[in-house]
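Structure assessment
So the chains spell out like this:
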Amino acid sequence: MRYSAQALFIRHTLEKLTKKISDTLRNLRKEKGWSLDKASIETSVSKAMLGQIERGESSPTIATLWKIASGFQTSFSSFIEESPNNDIIEYRSGSPKQLHPDDTKIRVMPIFSFDKYLDFEVFIIELLPGCEHLSPPHKGGVIEHIIVVEGEIEVLVSGKWTRIKTGEGLRFNADQEHGYRNLSDKKAVFHDMIHYPKN
Ligand code: MN
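Residues numbered from 1 in each chain as written. Predicted model: local features only at pLDDT ≥ 70, side-chain atom pairs only at ≥ 80, totals over all residues. Heavy atoms only, no water.

Attention shifts here to the coordination of the manganese ion. The coordination sphere of the manganese ion contains the protein donors H138 (NE2), E144 (OE) and H178 (NE2), at a distance range of 2.0 to 2.2 Å. All donors of the manganese ion come from a single chain, and their spacing in sequence reads H-x5-E-x33-H. For H138, a relative accessible area of 6% gives the class buried. (Donors = N, O, S within 2.8 Å, 3.2 Å for Na, K, Ca; no water. Buried < 20%, exposed > 50% of the residue type's maximum accessible area, 1.4 Å probe, protein only.)

Pasting the structure below:
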């Protein structure tokens, strides 16, 4: 079977991503000395699912990866890739990654991976029309800063959806159930800067 260059590139990237996620999870579990049972309790992700991810048999949805990152008290970007913090990062439409086939309408890419001295990470997130993404609470003290750079979105905080347009921002405590959705008929893009408290 022949693939277009583009399809090959995406496939290669996804395989690398799956491997990076499985290696990171295995190393974290080893570091903490957690059994699969313990990891399942801490992350609220089933043992079977954790095992599959760790063996590289499946990649998690964004929601599942957030549960894992929160349960291990680590950053989301540590599972995805190292982006060198001194480089100029170029954003091109379409470059954020689809992590899992079920994530059909949301794409995520770190712009700045987790910085262990400054305790933050920055993502670019694309929501296609009709996307609604709910996020489990992060650990106490985690703060998210949302800045919309294209289109408009609504953010769920304290049980209320608030609309944010291009050029506007919203900061909220992310240790509660929260979410993002795009009710418009155009793609929306925002930056999400996540600040973690010092341990
Ligand atoms: Mn979040």
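Moving on from the coordinates now.
Relative to the elements of secondary structure, S75 occurs in the loop between α4 (62–71) and β1 (106–115). The buried category is assigned to S75, whose relative accessible area is 3%. In this structure S75 touches A69, F114, E121 and Y196, once residues within four positions along its chain are discounted. (Helix = DSSP H or I, 4+ residues; strand = E, 2+ residues; numbered from the N terminus. Contact = heavy atoms within 4.5 Å.)

This next bit is on the sheet that holds strand β6 (residues 160–165). Across the sheet, four strands lie side by side as β3-β8-β5-β6; this open sheet has antiparallel pairing. On the outer flanks of this sheet lie β3 (132–135) and β6, each paired with one strand and no other. Between one strand axis and the next, the sheet turns through 20° on average, direction left out of account. (Pairing = 2+ DSSP bridges. Axes fitted to C-alpha atoms, helices over the stretch in contact; angles between N-to-C directions.)

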